Amino acid sequence: MTFLTLEEELIYFETKQKIHEQLEAEVKKKGYMLIEPSFFQDYDTFTTMNPRLKKETMVKMISQEGQVLVLRPDVTTAIMKQVLSKWDQHELKLYYLSTRFKMNSLNQIEEQKQFGIEYLGNESKEAVEEVLLQGYQVFENLKIRYVMELSDSRWINTLIKAMTSDLDLQKTMKNWIDYKDRYALEKWLDQQPSSVEKDILSRIFDLQGTMNDIIRKLSDLKLSEPLMKIIDEMKSIESRIHQEGYLNKTFVDLSMMSAFDYYEGIMFKGYLQSSMQPVLRGGRYDPLTEQLGKRCPAIGFTLTLKDLVKEVFQS
Amino acid sequence: MKKGLTIALPKGRLGEVAIEKFKAIGWANSIDESSRQLIFYDEVADTTYMLVKPSDVITYVERGVADVGVIGKDSILEEKANVYELLDLGFGTCQFAIAGKNGQSLTKKDEVLKIATKYPNVTKAYFEKKAQPIEIIKLNGSVELAPLVGLSDVIVDIVETGSTLKANGLIVLENMMAISAKLISNRVSYRFKYEAIQALVKKMEVLQS
């Protein structure tokens, strides 16, 4: 942010401070405890876990012993690495106010202050709803205009795995879907034998709106059991959102992708009009804990504070 | 918030065809191509059109100043644009190709293959899959000149009819991929203006079928 006057700058910092305090107070009330994750992560481990994350966006460093490290591109991975080995299977609620680092297209290191919560050791639907609704609460409390986008990572993963076992091709297909590149996806699908999965993928970008819209668009297809289960779970989450009165700010998009491959289950992204990227990202990420040595139920979200503060300040 | 869309169109040949397409669906009638004005408001669907340099379309869309835009796949690949590619518009079709003098080999064993191009990122990504080491020489235009004066062994460029290559005694040595014009959208606008963007996509799809 640039400011014309000192007064404006001071008001901005006051706004920022208030938002930080408000966010912390909200989650502390619900039993979340503060954690400060480590700055460094092993480069090879991180890139193996997140193969679609662009390597040029990571800030790399070399330790005295010649080990390649990455300045944490993602706070969740850093926290999990820190707590999992000591975790005793009990429910654990954590929050953080930390910085993540990113190399931008001009080769400058960007520092992004993040606020987030992580809820470990509870695999119930209630835990998912608690974290998701906490995400909605952030925007509601600040009275700003937003859209929350919802999906389930297992939807795309199940479809893609049914089409091919080739990992490179799976990665390419995920990229097409991430860029909503209907043309490239259809060109490839045209050459595939017919199947329910092919039919679903050929209309994947139309599977958006409310769950009722989506179910209507799938009504002529016989979905497999795992896919039906996802639809039922999404419907149940949507009805909880409806109860809270947030349905008109919600958009289910079954073609939604995340840059991080560690989600398994619900995924959500919060958008603000003034920001170029989603300001809130979250979901269920049990596979990440497994990759780090101990599988446990885990769900959380992270929030880019700069974008949030900018929106509040401008409005 | 304005309900209608802001659309970035490239100046030049690609933009002329794009404007024709928008006019064919009954939009963009306020655009007067003979004027030097750069921004036009149209009451049809409450739309604003911006005419920008082709290489800037992606910047306007990525930063959300424009909700959607029309641009060639070549620019999307080169800029590694973080946008949605909603529709192939079916015009501006050409090929990304490696071209050079007749008989020029693309494998030079232990030697480095020198490639002149306006598209260093596309070239780098394409050759990453090959074992041949390369040196990229970034040029801003008249790339065909490079192999003739010994600046490079080959060039990577977009080829439409091949007449410029032919006039300079060059031939296509390898086709890399097909290119065409795309309707792109900003990722946040797509969420906030989904209905309006979908309406435009559907109209363009009908026009093509």
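For every chain, the first residue of the written sequence is number 1, and numbering continues from 1 along that sequence. Each chain takes a letter, starting from A, and each ligand takes a number, starting from 1, following the order in which they are written. At least 70 in pLDDT is required for a residue's local features to be given in this predicted model, at least 80 for side-chain atom pairs to be given and counted, and no such filter applies to totals for whole chains, interfaces and linings, which use all residues.

(A) How the structure looks around the overall build of chain A. Under the DSSP-based scheme used, a helix requires at least four consecutive residues in state H or I and a strand at least two consecutive residues in state E, with every element numbered from the N terminus. Secondary structure assignment for chain A yields 12 helices and 12 strands. Rg of the C-alpha trace for chain A: 20 Å, near the compact-globule value of 20 Å for 315 residues, within the 12% margin. Reported as C-alpha extents along the three principal axes, the dimensions of chain A are approximately 60 × 55 × 45 Å. Here the C-beta atoms are placed from the backbone, and a residue counts as buried if at least 20 other C-beta atoms lie within 10 Å of its own, exposed if 12 or fewer do, and partly exposed otherwise. Sorting the 315 residues of chain A into buried and exposed places 37% on the buried side. Contact between two residues is assigned when their C-beta atoms, built from the backbone, lie within 7 Å. Contacts in chain A between residues at least 24 apart in sequence constitute 69% of all its contacts with a sequence separation of at least 6. Using C-alpha atoms as the atom set, the radius of gyration is obtained and then compared with a globule rule of 2.2 Å times the number of residues to the power 0.38.

(B) A look at the interface of chain B and chain A. Each side of the interface is counted separately: chain B has 12 residues, and chain A has 12 residues. Secondary structure elements with two or more residues in the side of chain B that touches chain A: β5 (84–88) and α7 (187–192) of chain B. A per-element tally of the side of chain B that touches chain A places β5 of chain B first, with five residues. Residue composition of the side of chain B that touches chain A, grouped by class: six nonpolar, one polar and five charged. Gly counts as polar in this scheme, as do all residues outside two lists: the nonpolar Ala, Val, Leu, Ile, Met, Phe, Trp, Tyr, Cys and Pro, and the charged Asp, Glu, Lys and Arg.

(C) Quick peek at the nonpolar core. What we call a nonpolar core is a set of buried Ala, Val, Leu, Ile, Met, Phe, Trp, Tyr and Cys residues whose membership is set by joining through C-beta atoms within 7 Å. With 109 residues, the main nonpolar core has I117 of chain A together with A8, L9, V61, V68, L183 and I184 of chain B as its most contacted residues. The leading source of residues in this core is helix α4 (residues 125–142) of chain A, at six residues. Sequence-distant contacts of I184 of chain B, that is, excluding residues within four places in its chain, are made with V61, V68, G69, I71, I76, V83, Y84, E85 and L86 of chain B.

(D) Just the pairing of strand β7 (residues 146–152) of chain A, in detail. All names here are of chain A. Counting buried positions along β7 gives seven out of seven residues, so the element sits mostly inside the fold. Burial along β7 is two-sided: the face carrying Y146, M148, L150 and D152 and the face carrying V147, E149 and S151 are both buried. DSSP calls a pair of strands paired once it identifies at least 2 bridges connecting them. Pairing geometry for β7 and strand β10 (residues 266–272), over seven bridges, is antiparallel. For Y146, the partnering residue across the bridge sits in β10 and is L272.

(E) Broad picture of α4 of chain A. Residues and elements named next belong to chain A. With 18 residues, α4 extends 26 Å between its outermost C-alpha atoms, agreeing within 8% with the 26 Å of an ideal straight helix rising 1.5 Å per residue. Inspection of α4 places V128, V131, L132, Q134, G135, Y136, V138 and F139 among the buried residues, and these make up the whole buried set. Phi for K143, located one or two positions after α4, is positive at around 55°. Between the first and last residue of a helix there are one fewer steps than residues, each counted as 1.5 Å, and that sum is the expected span.

(F) Structural detail: the pairing of strand β9 (residues 250–253) of chain A. All names here are of chain A. Burial along β9 is two-sided: T250 and V252 facing one way and F251 and D253 facing the other are all buried. In the sheet, β7 pairs with β9 via three bridges, with the strands oriented parallel. Across the sheet, M148 pairs through a bridge with T250, a residue of β9. Relative to β9, strand β8 (residues 208–209) runs antiparallel, the two being bridged by two bridges. For G209, the partnering residue across the bridge sits in β9 and is V252.

(G) Here's a closer look at the domain arrangement of chain B. Residue and element names in this part refer to chain B. For every domain, the bounds stem from an assignment made automatically or drawn from a database. On domain assignment, one finds that chain B holds domain 1 (6–92 + 180–208) and domain 2 (94–179). Taken over C-alpha atoms, the centre of domain 1 sits 30 Å from the centre of domain 2. The interface of domain 1 with domain 2 comprises eight residues on the first partner and eight residues on the second. Among the elements that line the side of domain 1 that touches domain 2, the one with the most residues is helix α3 (residues 73–79), at four residues.

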